[in-house]
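# Descriptive analysis of the structure
So the chains spell out like this:
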Amino acid sequence: MSNVTAIRATENATPDTEAVPMADLYLSDLNPRQDADPDGIALLADSIRLLGLIQNPAGFRDAEGRVGIVAGGRRFRALQLLAETHPHLADERPEIVAPHVRIAPDEATARAWASAENAARQDLHPADEIRAYGKMAATGAPVPTIASAFGQTEAHVRRRLALANLPAPVIDSLRAGEISIGAAAAFTVSEDEALTLHVLEGIRGRSVSEHRIKQELQPQSLRATDRRAAFVGLTGYEQAGGRITRDLFSEDVFLADPDLLNDLFRAELAKAGTSIEAEGWKWVEVIEDIHVGWERMDKLDRLYKVEGDLTEDETARYDELTDAYEAEALDEDGEAEFEALTAKLDGDYTDEQKAHSGVIAYVDNRGALQPMRGLVTRADRAAAVEAGVLLKPYRMEQDDAPKSPYSAKLQDDLNAAALGARQNAAVGHADLILDLLAWQLSGGMGYRRAFEVRADAPRNAPETETGFALDERLTKEGTSPKDPWGSDLAKGFRAFRKKGREHRDAELIRHLTRLLDVSDEGLGKLIDKEAGTSLRAVWTPTAENLFKRMKGPWLDALWIDLLELAADHPTATTFGKLKKAEKAGRLEALFADPAAFTVTEAQAEKIAAWVPDHFA
C-alpha cells in the first residue's frame, strides 16, 4: 500500500478527481503492478475497511468512458475484494465502492504517473501514521498485520504505536509542524494529561530539547541512575509502592516518589550501619552525604590492616597468579584463588585496632557503599597510642613536647640537612629512585609526593578529536589509590615494586613522554628526527577538524593543488560551485580514500603526506 497522508478519500477530493463506480474501473496495461500477492491484498482490504481509502488511485479515461487505473493497482484490487466480500459497504461507505480517482488529462501524463508509482511515493506524515496504526491496533490487528498493510517494518510500526496513546493535541501539534517527532516521543514519559497539555502550550513552535521537555514533564522525578536509587534498587522501591515511568525511546527510568526513595535510602543506610557494627568497631557512623569532607578527615587518624604473611609456596603461587591476572589469563577458579591469597596478604584489622577506632560509611555516586574503616578520633587518640595500635601523631607530639630550644630558621636548616642525608644515601640506589619516580608519576601516591616534580601534562590533543588518535599509552590514566590522602604509601610502594623493572620502565616512559613539552626549535627538530615524528601518523584532516573551519577560497586552492588541476579544469570549476559544507565533505572523502578519485600514485603520496602550512 502506498504510504501517503491518511485522509479518507471523500475528505481528499480535488478538482481533478472523480467518484467512479467500481464497475467502470479496471487495471490499465500502463500500471506497473500487474501481479500482486493475494495475502497482501487481503491485508490491504482490511486496512481500507477499517480506516477508509488512504490515497486516491490515479487513472486515465479511455475512449469508452471507463477509467483504467495506472497508479494504485493494489488499492484497486483491495477495493474489488471488499466489494465482493462486504457488499453492505455500498450503503455504509460509498467512498469505497465509488472511490475518488485522480484522472490524468492525457495519456502522456498517465504514463508519467504510472512510471512514478514506485519511485516517487509520498510517505505518510508521522502523525497520520500514529493515528492509522492506532486505529488498526484498537481493532485487535497485531503488529505484523499492520506492518504488512502499510508496507513498513514491524520495528517502525512499534515505534509509532508507542505514541498512539498521546493526548490528541500532542498529535495535532506534530501534524501541524509545531513539534518534532522526537519532542512528541518525549511526552510519553508523562502520565499527567493536564501537565502534558501545559508543557505542550509552552513549547509549540519553539526549538526545545527532548531532555528539557522530559524535565518539565517530571519535575520531581529522579533518574534510576541516581546514587540513592542504585543503592536501594528499583525492585525494593517498587515493592514499597514507588511509582516509576520508563522512556519508551531510551533506557531512561524515572522514579516519581523522591520522598519515598529518601526514606528507603535512610533505612538501607541504617541496615548497612548495623551490619558494620557487627564487625566489632568502637563506633560506626553512616552519612547521607556523597563523600566525607576533608575537613572532617583532618581531625581523624587512620589505622591500616595488619598485613598477613604468605608461606613460601603461597608466595610463589601468588606471583604466578599475578602474572596471569595482568595477562588477563585467569579462569574463574584462578580468580577465586588469587582473591583469597590477596586477601590473606592484605591482612585485616585486629580486635585491638577495632576497640580504639571506628567507621564512617557513605554511598558514592555509583550507589556503592564505601566504608572508611580504622578511623581514630582525637578523643581516642591517646588510648590508641598507649595500646600500641597508633603511632604518636606529629601534632600530638607537638602538643606534648616542651617548647623547642631551636629557632624556626635553625629547624629549617636541620630539616634540610636531614633531607640531604637521605638524598646522599639514595643517590647510589638508582633502582629505588626510579621505582619511586615511576610510582609517583603513575598516580600511586594519590595527592602526595616523593619528588618535587609537577606532573601537569601539556595539552596534546585538539578539542575536535575527529581524525585524531594517539598511542593508548599516552591516553591511559594512571591508577590512583581509593583513598588519595590516607592510603598506606609504604604498602602501595612495595606492591608496585613487585611488578618488576619492565613494568617500572614502561610507566616511566609513558608518563615522562606525556610530560614532554620542548619549546626550543633546535632541540625539537633533533627529537623529531630521532623519534620519526609525523603529524599524519596521528591526525587525518576531516571536515570537522579542519575543512569546515577554513574559508572557501582556501578549500578551492587545496583541491586544485592536491589533484594538480588547472584553475579552469571542469573538476576544479565544479568543485568551486559547491557549498562550503559540500567542499569540506569532498575533501574529507579524498583524504579518506584517494583511490576512489582515480588519482595518480604521485598524487596519492602527496595527499598521504600533506599537512597544513603551519606544520610544514
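This part covers the environment of alanine 450. Topologically, alanine 450 is positioned in the loop between helix H23 (430-441) and helix H24 (489-497). Using a relative accessible area of 39% as the deciding quantity, one classes alanine 450 as partly exposed. With sequence-adjacent residues up to four places away left out, alanine 450 is seen in contact with Leu436, Gln440 and Met445.

In total, this model carries 33 salt bridges according to the counting rule given. Between lysine 491 and aspartate 346 there is a salt bridge, with its nearest N and O atoms 3.5 Å apart. In this pair, lysine 491 is assigned in helix H24 and aspartate 346 in helix H18 (residues 332-346), connecting sequence segments 145 residues apart. Here lysine 491 falls in the partly exposed class, since its relative accessible area comes to 28%. When its relative accessible area of 26% is taken as the criterion, aspartate 346 is described as partly exposed. Via salt bridges that share partners, Asp431, Asp435, Arg497, Arg501, Arg504 and Asp505 belong to a single interconnected network.

Next up on the list: the pairing of strand E4 (residues 67-71). Of all five residues in E4, five are buried; the element is thus mostly enclosed. As defined by bridge partners, strand E2 (residues 25-27) adjoins E4 across three bridges and the pair is classed as parallel. Bridge pairing links tyrosine 26 to glycine 68 in E4. Relative to E4, strand E3 (residues 58-61) is paired through four bridges, and the arrangement is antiparallel. Each residue of the ladder has a partner; that of phenylalanine 60, found in E4, is glycine 68. If you look at the hairpin formed by E3 and E4, you'll find five residues sitting between the two strands, and glycine 65 has a positive phi there, around 90°.

The strand order E9-E11-E12-E10 describes an open sheet built from four strands, whose pairing is mixed. Each edge of the open sheet carries a strand with a single partner, namely strand E9 (283-286) and strand E10 (301-302). Its contacts with the sheet place helix H15 (residues 258-277) against E9, strand E11 (358-363) and strand E12 (369-376), and it is angled at close to 160° to E9. Sitting on the sheet, helix H20 (residues 378-387) touches E9, E10 and E12, and the angle it makes with E12 is about 60°.

Let's shift gears to the confidence of the model for the protein. Per-residue confidence for the protein gives a mean pLDDT of 82, with 88% of residues at or over 70. Long-range and interchain partners of residues 1-15, a stretch whose pLDDT sits below 50, account for 45 contacts in this model, where long-range means more than four residues apart. For residues 118-122, every residue scores under 50 in pLDDT, and the model assigns this stretch eight contacts once sequence neighbours within four places are set aside.

With that settled, consider H18. Given a rise of 1.5 Å per residue, 15 residues ought to cover 21 Å, and the 21 Å separating the end C-alpha atoms of H18 matches this to within 8%. Listed as buried for H18 are Gly334, Phe338, Leu341, Thr342 and Leu345. Mapping the buried residues of H18 onto a view down its axis gives an arc of 105°, with all of them on the same face. Facing away from the buried side of H18, by more than 90 degrees, are the exposed residues Glu332, Asp333 and Glu339. Buried residues along H18 sit against helix H17 (312-326). One side-chain oxygen at the N-terminal end of H18 lies 3.3 Å from the backbone nitrogen of aspartate 333; it belongs to aspartate 331. Glycine 347, located one to two residues past H18, shows a positive phi value of around 80°.

Further remarks concern the environment of proline 458. Note that proline 458 resides in the loop between H23 and H24. Sequence separation of proline 458 and leucine 516 is 58 residues, and the distance between their C-alpha atoms is 7.8 Å. Excluding residues that lie within four positions of it along the chain, proline 458 makes contacts with Arg514, Leu515, Leu516 and Asp517.

With that out of the way, let us pick up a negative patch on the surface. A cluster of acidic residues, Asp331, Glu332, Asp333, Glu335 and Glu339, forms a negative patch at the surface. Given a relative accessible area of 69%, glutamate 332 falls into the exposed group.

All right, on to the sheet that holds strand E7 (residues 244-246) then. As summarised here, the arrangement of the three strands in space is E6-E8-E7, forming an open sheet in which the pairing is antiparallel. The open sheet has two edge strands with one neighbour each: strand E6 (222-223) and E7. Bridge count for E7 against strand E8 (residues 253-255) is three bridges, and the pairing is antiparallel. Opposite threonine 245, over in E8, you have phenylalanine 254 as the bridge partner.

Next up on the list: the packing of aromatic side chains. With the rule as written, the count across this model stands at nine aromatic pairs. Taken together, a centroid distance of 5.8 Å and an interplanar angle of 80° make the contact between phenylalanine 231 and phenylalanine 265 edge-to-face. On the criterion of sequence distance, the pair formed by phenylalanine 231 in helix H13 (residues 227-232) and phenylalanine 265 in helix H15 is long-range, its members being 34 residues apart. Centre to centre, the rings of tryptophan 559 and phenylalanine 575 are 4.4 Å apart; their planes meet at 5°, and the pair counts as stacked.

Thresholds applied
- Residues numbered from 1 in each chain as written.
- Predicted model: local features only at pLDDT ≥ 70, side-chain atom pairs only at ≥ 80, totals over all residues.
- Heavy atoms only, no water.
- Helix = DSSP H or I, 4+ residues; strand = E, 2+ residues; numbered from the N terminus.
- Buried < 20%, exposed > 50% of the residue type's maximum accessible area, 1.4 Å probe, protein only.
- Contact = heavy atoms within 4.5 Å.
- Salt bridge = Lys/Arg side-chain N within 4 Å of Asp/Glu carboxyl O.
- Pairing = 2+ DSSP bridges.
- Axes fitted to C-alpha atoms, helices over the stretch in contact; angles between N-to-C directions.
- pLDDT = per-residue confidence, 0-100.
- Expected span 1.5 Å × (residues − 1).
- Arc of directions from axis to C-beta.
- Polar contact = N/O pair within 3.5 Å; in protein donor to acceptor, adjacent residues only side chain to side chain.
- Patch = residues over 30% accessible without salt bridge, like charges linked within 9 Å, V, L, I, M, F, W, Y side chains within 5 Å.
- Areas by Shrake-Rupley, 256 points an atom, 1.4 Å probe, with all protein chains shown as cover.
- Lys, Arg positive; Asp, Glu negative; His and termini not counted.
- Charge placed at Lys NZ, Arg CZ, Asp CG, Glu CD.
- Phe/Tyr/Trp six-rings, centres within 6.5 Å; stacked < 30°, edge-to-face > 60°.

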